[in-house]
Amino acid sequence: MRIALGVSGGIAAYKAAELARLLIQRGHEVQAILTDAAQQFITPLTFATLTGRKPITSLFSDGSAESTLASSVEHIGVAQENDLLVVAPATANVLAQFAHGFAGDFLSTMYLAFTGPVVLAPAMNANMWGHPATRSNLEVLRGRGHVIVSPGDGFLACGVIGPGRLAEPVEIADAVDRACKPQVVHDLVGETVLITAGPTQEPIDPVRFLSNRSSGKMGFALAEAAAARGAHVILISGPVDLHTPSGVERVDVKTAEEMRNAVFAHLDGVSIVIKCAAVADFRVASVPQHKIKKTMARFSVELDPTPDILAELGRKKGDRLLIGFAAETENLVQEAKRKLEAKNCDMIVGNLVGQSDTGFESDDNQVILVTRSGTTELPRAPKRVIADQIFNESMKLRLLATAPYAH
Ligand code: PMT
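Residues numbered from 1 in each chain as written. Predicted model: local features only at pLDDT ≥ 70, side-chain atom pairs only at ≥ 80, totals over all residues. Heavy atoms only, no water.

Undergrad: I'd like a rundown of the pattern of salt bridges, residues and numbers included.
TA: A side chain with one charge can pair with a side chain of the opposite charge if their charged atoms come near. Using the criterion set out here, one finds 26 salt bridges in the structure. One salt bridge connects Arg-213 with Glu-361, and the closest N-O pair in it is separated by 2.9 Å. Of this pair, Arg-213 sits in the loop between β10 (209–210) and α9 (217–228) while Glu-361 is found in the loop between β17 (347–352) and β18 (364–365), placing the two residues 148 residues apart along the sequence. Among the ionic pairs, Glu-312 bridges to Lys-316, the shortest N-O distance being 2.6 Å. Given a relative accessible area of 45%, Lys-316 falls into the partly exposed group. Salt bridges linked by common partners bring Asp-187, Glu-224, Arg-229, Arg-384 and Asp-388 together as one network. (Salt bridge = Lys/Arg side-chain N within 4 Å of Asp/Glu carboxyl O. Helix = DSSP H or I, 4+ residues; strand = E, 2+ residues; numbered from the N terminus. Buried < 20%, exposed > 50% of the residue type's maximum accessible area, 1.4 Å probe, protein only.)

Shown next, in the form of structure tokens:
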């Protein structure tokens, strides 16, 4: 997992170095974020050495070669790139900032942009820990589902004996690992997601058709993932040999024209559209009424373009999140970017096809997600896992679209 490790200013900051080491040892990638106060207790160099990455130490890039930030919206990038945020030590000030949504430095700003699991390991003076302000801030944070790794009792740096000592790094690393375990998220409750899947079949005559190798597996995996996350799912599918995922409303179609009509007939109330289907680009201009006889030595057919459903959806987009696919055998990123603009999509899932173990028909896939803010390469994984990653990215796009500082 990619973990953002926030370190705030307290004497226990030195223990965060041990936590970084443990997380790396357990196979995580760690990006340290140090508040100004943390840098009074421990140096960025310690974390750079342990994690192999430059820690983030400020909200703004100062333009110097040493600066860690590529742009002033880096907090959004860091929020998107990391799977989990852990803050150790989390001072009373950090708890208050997080609870009340203050965004005065990099850590608190990134927290507001972050949608993944959050683990907080507080450390402070016993009286500060017991203060009603801290208690109520903790309640707010717990209410958001954040994991609080409670401090231990003992002799504190201020000379007082009592609760407030940072939990041991191994305890915090265990809490991080538990929080990393895949959880069923219900972030699509209230959404209606329309997904197209499979190939289309374009008749040549009453018994023959033009089609392609799409099995429907990727689109059905998306439908299953969306339903598991709480969405009402409408799955418009070309002819495939797959079971409908539980709770999904399925509409069967054959041709591109039928798929287009089904999509627009079901569009009312849809908030997310994913066009995963491999729609035929051409259909036979004039389909004969009777079977073409084998006795013909040669025959040719004239083809007309089919309706471009995704492009039409792009023209009538409204507030809907529109996600298209691009199946390519070369220039994947370039083509995906072109389709993103040409079809007015929010995201294109670029799929390199033409190989046997990913893309068409296989159980695994390897894709690249292209949005207006950049590209994310997903490693090869089962289509069901890729489906969840596509929804994770879609939810981030939603957040970006509504974040005032993103514009
Ligand atoms: O079904 P599987 O065997 O699991 O394989 C998955 C897949 C390879 C089919 C899938 O991952 C994929 O890449 N789907 C898109 C296939 C495709 O038609 O790509 P395209 O680059 O030709 O089309 C671009 C986009 O326009 C797609 O979203 C497509 O649905 C849409 N389109 C295309 C033509 C058309 N007439 N109307 C459309 O809406």
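Undergrad: Describe in detail the site of the ligand, supporting the description with residues and values.
TA: Every one of the 31 residues lining the ligand counts as a neighbour, but Ser-214, Ser-215, Lys-275, Lys-339 and Asn-351 are closest to it. Here an oxygen atom of the ligand sits 2.9 Å away from a polar atom, N or O, in the main chain of Phe-325. One of the side-chain nitrogen or oxygen atoms of Asn-351 is found 2.6 Å away from an oxygen atom of the ligand. Listing elements by their share of the shell around the ligand, those giving two or more residues are α9, α11 (309–315) and β16 (321–328). The biggest single contributor to the shell around the ligand is β16, with 5 residues. (Near = heavy atom within 4 Å. Polar contact = N/O pair within 3.5 Å; in protein donor to acceptor, adjacent residues only side chain to side chain.)

Undergrad: Could you give an account of the domain arrangement of the protein chain, with specific residues and numbers?
TA: Note: interface size is frequently given as the accessible area lost on complex formation between the parts. Each assigned domain of the protein chain is listed with its residue range as follows: domain 1 (2–180) and domain 2 (192–402). Each of domain 1 and domain 2 has a C-alpha centre, and the two are 42 Å apart. (Domains from an automatic or database assignment.)

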